[in-house]
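Single-letter residue listing:
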Amino acid sequence: MATFDFVLIGSHSPQRVEVPSENLAKLADCIAGGRFIEGEMPPNEWGEIRRVLIPISRIQMVVESD
């Protein structure tokens, strides 16, 4: 699993999501072959981890995070 910042069309702030891809190249393969990316957002202030589905059609840019 690796963490990336997803910039989505219609959103002005990047969303940090941990996805089941080892690196950016593997993530690109997943994006090329599917409709959604599944992942987990970082824990919120109560420690809750939210699972998300990101529609590939909304992804404008992906940035490797620290």
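Now for a look at the structure at hand.

About the criteria used
- Residues numbered from 1 in each chain as written.
- Predicted model: local features only at pLDDT ≥ 70, side-chain atom pairs only at ≥ 80, totals over all residues.
- Heavy atoms only, no water.
- Helix = DSSP H or I, 4+ residues; strand = E, 2+ residues; numbered from the N terminus.
- Rg over C-alpha atoms; globule rule 2.2 N^0.38 Å.
- Buried < 20%, exposed > 50% of the residue type's maximum accessible area, 1.4 Å probe, protein only.
- Contact = heavy atoms within 4.5 Å.
- Areas by Shrake-Rupley, 256 points an atom, 1.4 Å probe, with all protein chains shown as cover.
- Lys, Arg positive; Asp, Glu negative; His and termini not counted.
- Charge placed at Lys NZ, Arg CZ, Asp CG, Glu CD.
- Core = buried A, V, L, I, M, F, W, Y, C linked by side-chain atoms within 4.5 Å.

Each helix and strand in the protein chain was counted, giving one helix and five strands. Secondary structure elements of the protein chain occur, N-terminal to C-terminal, as β-β-α-β-β-β. Computed over C-alpha atoms, the radius of gyration of the protein chain comes to 11 Å, within 12% of the 11 Å expected from 2.2 N^0.38 for 66 residues, which places it in the range of a compact globule. Over its C-alpha atoms, taken along the principal directions, the protein chain stretches across nearly 35 × 25 × 20 Å. Taken across its 66 residues, the protein chain has 29% of its residues classed as buried. Residue pairs in contact within the protein chain that sit at least 24 positions apart in sequence constitute 37% of those at least 6 positions apart. Total accessible area on the protein chain stands at roughly 4700 Å², and carbon and sulfur atoms take up 52% of it. For the protein chain, the distance from the average site of its 6 positive side-chain charges to the average site of its 10 negative ones is 7 Å.

Turning our attention to the nonpolar core. Ranked by size, the top nonpolar core spans 14 residues in total, and within it Phe6, Ile37, Ile54 and Ile59 carry the most contacts. Elements represented by at least two residues in this core include exactly β1 (2-8), β2 (15-19), β4 (51-55) and β5 (59-64). By residue number, the principal contributor to this core is β1, which donates four residues. Once you skip the residues sitting within four places of it in the chain, isoleucine 59 turns out to touch Phe6, Val7, Leu8, Ile31, Ile37 and Ile54.

Purely geometric numbers; function is a separate question.
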